[in-house]
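This is what each chain is made of:
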Amino acid sequence: MPARILSIRIQPPPGAPEPAGAAAADDLWRMAEVDFGGVRQQVSLACLPEAAVGDRVLVHVGLALSLVDDEPA
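Heads up: these notes are all about the structure in this document. (Residues numbered from 1 in each chain as written. Predicted model: local features only at pLDDT ≥ 70, side-chain atom pairs only at ≥ 80, totals over all residues. Heavy atoms only, no water.)

The next thing to look at is the overall build of the protein. When its secondary structure is counted, the protein shows 1 helix and 5 strands. Ordering the α and β elements of the protein from the N terminus gives β-α-β-β-β-β. Looking at the protein residue by residue over its 73 residues, the buried ones come to 22%. A separation threshold of at least 6 residues defines the contact pool for the protein, and within that pool the share at least 24 residues apart is 38%. For the protein, the accessible area works out to roughly 4700 Å², and carbon and sulfur atoms hold 57% of it. (Helix = DSSP H or I, 4+ residues; strand = E, 2+ residues; numbered from the N terminus. Buried < 20%, exposed > 50% of the residue type's maximum accessible area, 1.4 Å probe, protein only. Contact = heavy atoms within 4.5 Å. Areas by Shrake-Rupley, 256 points an atom, 1.4 Å probe, with all protein chains shown as cover.)

Our focus in this paragraph is unusual backbone geometry. Here valine 61, not a glycine, exhibits a phi torsion of approximately 50°, which is positive. Within the secondary structure, valine 61 sits in the loop between strand E4 (56-60) and strand E5 (63-68). The class of valine 61 is exposed, set by a relative accessible area of 73%.

The next point concerns the nonpolar core. Of all hydrophobic cores here, the largest spans 11 residues; its members are Ala3, Ile5, Ala32, Val34, Val43, Leu45, Leu48, Ala51, Val57, Val59 and Ala64. Breaking this core down by element, the ones donating at least two residues are strand E1 (3-10), strand E2 (30-36) and E4. Leave out the neighbours within four places in its chain, and alanine 3 touches Val34, Asp35, Phe36, Asp55, Arg56, Val57 and Val59. (Core = buried A, V, L, I, M, F, W, Y, C linked by side-chain atoms within 4.5 Å.)

Nothing here speaks to function; it is all geometry.
Following this line, the structure appears as structure tokens:
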């Protein structure tokens with residue numbers, strides 16, 4: 001079941017050094033709160049830098065792997 005992205009934030013791991021290229025690190029540390037039909041979870045958006053609030057994503061083991069179209073083709 002795809003999940004809908006409710007919010008996105010940048011969350012570096014505890015104790016992570018300050019990166020030289022902040023923009024690249026921001027993509028790596030993007031986390032989202034998603035809704036699986038009433039169940040909310042925190043997932044990583046490291047593989048989907050283009051994901052935005054409101055998008056639907058396919059999630060496996062806490063990692064958003066792909067965007068899902070609302071309307072099947």
